[in-house]
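Topology and contacts: notes
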Amino acid sequence: MMTKDGGQRIVTSTGAVLADPGSLESLANVAVESLFEPTFWASRGELVDVTAGRGAAWFISSPHCQWALRHYRRGGLIARLSTDRYVWRGEERVRAFTEWRLLAELTRRGLPVPKPIAARYERLGFTYRCDLITERISDARPLSAVLSHAPLTEYTWREVGAAVARLHAAGADHADLNAHNILVSGGGAVSVIDFDRGRLRSPGAWALKNLSRLHRSLVKVACRLPPERFPAAA
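Residues numbered from 1 in each chain as written. Predicted model: local features only at pLDDT ≥ 70, side-chain atom pairs only at ≥ 80, totals over all residues. Heavy atoms only, no water.

Moving on, we get to the pairing of strand 11 (residues 182-185). Side-chain alternation along strand 11 places Ile182 and Val184 on one buried face and Leu183 and Ser185 on a second face that is also buried. With 3 bridges connecting them, strand 9 (residues 140-142) and strand 11 associate as antiparallel partners. When the sheet's bridge partners are listed, Ala140 is paired in strand 11 with Ser185. Bridge analysis of strand 11 against strand 12 (residues 190-192) gives 3 bridges, and the strand direction is antiparallel. From the neighbouring strand, Leu183 faces strand 12, where its bridge partner is Ser191. The loop that links strand 11 with its antiparallel partner strand 12 comprises 4 residues; one of these, Gly188, has a positive phi angle of about 95 degrees. (Buried < 20%, exposed > 50% of the residue type's maximum accessible area, 1.4 Å probe, protein only. Helix = DSSP H or I, 4+ residues; strand = E, 2+ residues; numbered from the N terminus. Pairing = 2+ DSSP bridges.)

Structure (structure tokens):
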């Protein structure tokens, strides 16, 4: 079934999948739920990397796709009760689905974010767990990693500012804008990832809060680096 945002909703035995139909054509003979299982990709020799962080993320590299797979995990004290289950409040509020829809809209507007491929949830009673697949941004590293290696050029700093400014101008409120969620390619192109809990909003003070969060993150990253890596932290 096609949804109003252009996605295809696929009912599964435990929940549902929201997907970009064209992106899955080359894998039409694969059970859609398998696409969200790292063991499936590992068995094909196509699970090429694992990243650490609040969520669990894997990179997938195959003749058919270059994707990033993320499993949503809880943070803070609540994680002691459940590492990856959320309270069910209806399909419209499933975190992976809301992030998929936001990324689909931002991609449609030509903004520097990864294209969403598919999202799924698995429901169990009053809780659910979920996953998201997006296109992998090739030849890119987190801003934090780039800074740890060498100072950024003035051009790259300007590109970072321009990418964030474009998102803010479009009303995209990133709930956790930090130096790890901004990617810089080898050529200096900048993208922003991980829009969990993000949303579109009218202009307001939220944009300054985003920038303050990013500044705090950069200061934290730079505190053990040479001063020239982030002069604003000096």
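Text resumes after the structure shown.
Turning to the sheet that holds strand 12, a few remarks are in order. Judged by pairing direction, the sheet is antiparallel, and its 3 strands sit side by side in the order 9-11-12 without closing on themselves. Edge positions in the sheet fall to strand 9 and strand 12, since each has one partner strand and no second. The sheet shows a mean angle of 30 degrees between the axes of neighbouring strands, direction not considered. Packing against the sheet, helix 4 (residues 154-169) makes contact with strand 11 and strand 12, and its axis sits at approximately 40 degrees to strand 12. (Axes fitted to C-alpha atoms, helices over the stretch in contact; angles between N-to-C directions. Contact = heavy atoms within 4.5 Å.)

Packing of helix 4 against helix 5 (residues 206-222) brings their axes to within 11 Å, and their N-to-C directions diverge by 150 degrees. It follows from the interaxial angle that helix 4 and helix 5 lie roughly antiparallel. Of the two elements, helix 4 crosses helix 5, and the hand of that crossing is right-handed. Across the interface between the two elements, Trp157, Val164 and His168 of helix 4 pack against Trp206, Ala207, Asn210, Leu211, Leu214 and Leu218 of helix 5. Taken together, the residues of the contact of helix 4 with helix 5 sort by class into 7 nonpolar, 2 polar and no charged. (Parallel < 35°, antiparallel > 145°, perpendicular 65-115°, else oblique. Left-handed = near helix turned anticlockwise from the far one by under 90°. Nonpolar A, V, L, I, M, F, W, Y, C, P; charged D, E, K, R; others polar.)

A few words on the pairing of strand 8 (residues 127-135). In the sheet, strand 5 (residues 66-71) pairs with strand 8 via 5 bridges, with the strands oriented antiparallel. The residue of strand 8 that forms the bridge with Arg70 is Leu132. Bridging between strand 6 (residues 86-87) and strand 8 involves 2 bridges; their strand directions are antiparallel. Paired with Val87 across the strands is Thr127, a residue of strand 8. Pairing of strand 7 (residues 116-124) with strand 8 involves 8 bridges; the strand directions are antiparallel. The partner of Tyr121 across the bridge, within strand 8, is Cys130.

The subject of this paragraph is the side chain of Asp196. Mapped onto the elements of the fold, Asp196 is located in the loop between strand 12 and strand 13 (199-200). On the accessibility criterion, Asp196 (12% relative accessible area) is buried. Those residues in contact with Asp196 that sit more than four places away from it in its chain are Arg70, Tyr72, Arg95, Glu99 and Ala175.

Next up on the list: the nonpolar core. By size, the foremost hydrophobic cluster in this structure holds 40 residues, and its most contacted members are Val94, Leu106, Tyr121, Leu167, Ile182 and Phe195. If one sorts the elements of this core by residue count, helix 2 (residues 95-108) sits on top with 6 residues. With sequence-adjacent residues up to four places away left out, Tyr121 is seen in contact with Arg9, Thr14, Gly15, Ala16, Trp88, Glu91, Val94, Phe97, Tyr128, Arg129 and Cys130. Counting 19 residues, the second-largest nonpolar core is a separate cluster that includes Val17, Trp67, Ile117 and Ile133. (Core = buried A, V, L, I, M, F, W, Y, C linked by side-chain atoms within 4.5 Å.)

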